[in-house]
Amino acid sequence: MPSLHAYFEESTLKHSWDDIARVFWNRYPNPFAKHISSDDVLQRKVVGKKMFSTRLIVKNGVLPKWGEFMFKDTSGKYLVIENSVVDPVKKTITTYTRNVSLTSFSSLEEKCTYKPSADNKGWTVCERSALSSSSVRLLAPQIASFAMSRYRHSVVATDRGWSFVVNKFEGSPINSVLAALARSGVTKQAKFVRP
């Protein structure tokens, strides 16, 4: 029988939802996510006013010594799938993330919903839930607990990463140019012309 561990948390990012949405696709690399070696979009489509995306994220990590005996390949590269839905009308970004590597050892599924804070419209709330499970005979409770402990530790770094990326883009030259164009009204007149 599998062992399950659940986690629920709400954190506040001191940045607007618009800022979070603007940098959502550029949150890696950042110094608080050094374990992410790459991320690639596998699929993206717009349905109505919502954008649906699937990304493959490659993470670097080390199995605990007690877990290495179960796997021949301990290269340290692990695959994660992230499905996301961006709804600019309701101002929500919802991500569903799960590991696709090492699932015979442990599985971790996460759901995050980012939306404007009810207390401060200039801030964003992240409602986060995660479920860790393992079916490894005799070790399932320890493995699921270990995976959840590692996940909970990474949540703090994730929130710091968001702030780093938002601040990085606020000062970028392209952001200054786009802001100046928006103030001048030029962006309203821009048209896409096919070559």
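Data block above holds the structure.
A brief report on the enclosed structure follows. (Residues numbered from 1 in each chain as written. Predicted model: local features only at pLDDT ≥ 70, side-chain atom pairs only at ≥ 80, totals over all residues. Heavy atoms only, no water.)

### Topic: the pattern of salt bridges
Once the charged atoms of two side chains with opposite charge are near each other, the side chains can pair.
Next up, step 1: Tallied over the full model, the rule gives nine salt bridges.
Next up, step 2: With its nearest N and O atoms 3.2 Å apart, the salt bridge here joins Asp-18 to Lys-91. With Asp-18 in helix 1 (residues 17-23) and Lys-91 in the loop between strand 4 (77-87) and strand 5 (92-99), the pair connects residues that are 73 residues apart, well separated along the chain.
Next up, step 3: Assessed through its relative accessible area of 38%, Asp-18 is described here as partly exposed.
Next up, step 4: Note on Lys-91: relative accessible area 30%, which makes it partly exposed.
Next up, step 5: Of the charged contacts, one joins Glu-82 and Arg-27 as a salt bridge, the two residues approaching to 2.3 Å between their closest N and O atoms. Of this pair, Glu-82 sits in strand 4 while Arg-27 sits in the loop between helix 1 and strand 2 (36-47), and the two are 55 residues apart along the sequence. Taken individually, Glu-82 and Arg-27 each receive the classification buried, so the pair is uniform in this respect.
Next up, step 6: Each member of the salt-bridge network shares a partner with another, and the members are Glu-9, Glu-110, Arg-128 and Asp-159. (Salt bridge = Lys/Arg side-chain N within 4 Å of Asp/Glu carboxyl O. Helix = DSSP H or I, 4+ residues; strand = E, 2+ residues; numbered from the N terminus. Buried < 20%, exposed > 50% of the residue type's maximum accessible area, 1.4 Å probe, protein only.)

### Some points on helix 3 (residues 140-170)
Next up, step 1: In this model helix 3 runs 45 Å from its N-terminal to its C-terminal C-alpha over 31 residues, within 8% of the 45 Å that 1.5 Å per residue would give.
Next up, step 2: Along its length, helix 3 shows its largest kink, about 25°, at Val-155.
Next up, step 3: Those residues of helix 3 that fall on the buried side of the exposure criterion are Ala-140, Ile-143, Ala-144, Ala-147, Met-148, Tyr-151, Val-155, Asp-159, Gly-161, Trp-162, Val-165 and Val-166. (Expected span 1.5 Å × (residues − 1). Bend = angle between axes of the 7 residues up to and from the residue.)

### Let's talk about the layout of surface pockets
Next up, step 1: Its boundaries defined by the atoms lining it, the largest pocket holds a volume of some 1,100 Å³.
Next up, step 2: His-35, Lys-59, Val-80, Leu-108 and Ser-154 are the residues nearest the centre of the largest pocket, which is lined by 46 residues in total.
Next up, step 3: If you list the elements that add at least two residues to the lining of the largest pocket, you get strand 3 (50-60), strand 4, strand 5, strand 6 (107-116) and helix 3.
Next up, step 4: It is helix 3 that contributes the most residues to the lining of the largest pocket, 12 residues altogether. (1 Å grid on protein atoms, 1.4 Å probe; cavity = no way out; pocket = protein on both sides within 12 Å on 5 of 7 lines; lining within 4 Å. Points joined across faces, edges and corners; volume = space filled by probe spheres on them.)

### Considering the side chain of Ser-117
Next up, step 1: Along the chain, Ser-117 turns up in the loop between strand 6 and strand 7 (124-134).
Next up, step 2: Given a relative accessible area of 3%, Ser-117 falls into the buried group.
Next up, step 3: In terms of polar contacts, Ser-117 uses its side chain to reach the backbone amide nitrogen of Asp-119, at 3.1 Å.
Next up, step 4: Discounting chain neighbours no more than four positions away, the residues touching Ser-117 are Trp-123, Thr-124 and Val-125. (Polar contact = N/O pair within 3.5 Å; in protein donor to acceptor, adjacent residues only side chain to side chain. Contact = heavy atoms within 4.5 Å.)

### Concerning the state of the cysteines
Next up, step 1: For the structure shown, the criterion picks out zero disulfides.
Next up, step 2: For the unlinked cysteine Cys-112, the closest cysteine sulfur is that of Cys-126, found at 4.1 Å.
Next up, step 3: For Cys-126, a relative accessible area of 0% gives the class buried. (Disulfide = S-S within 2.5 Å.)

### Concerning the nonpolar core
Next up, step 1: Leu-13, Ile-20, Val-23, Ile-93, Tyr-114 and Trp-162 are the most contacted members of the largest nonpolar core, which totals 13 residues.
Next up, step 2: Taken together, the elements giving at least two residues each to this core come down to helix 1, strand 6 and helix 3.
Next up, step 3: When sequence neighbours within four positions are dropped, the list of residues in contact with Val-23 reads Trp-162, Val-165, Val-166 and Phe-169.
Next up, step 4: Formed by five residues, the second largest nonpolar core is a distinct cluster that contains Tyr-7, Met-148, Tyr-151 and Val-155. (Core = buried A, V, L, I, M, F, W, Y, C linked by side-chain atoms within 4.5 Å.)

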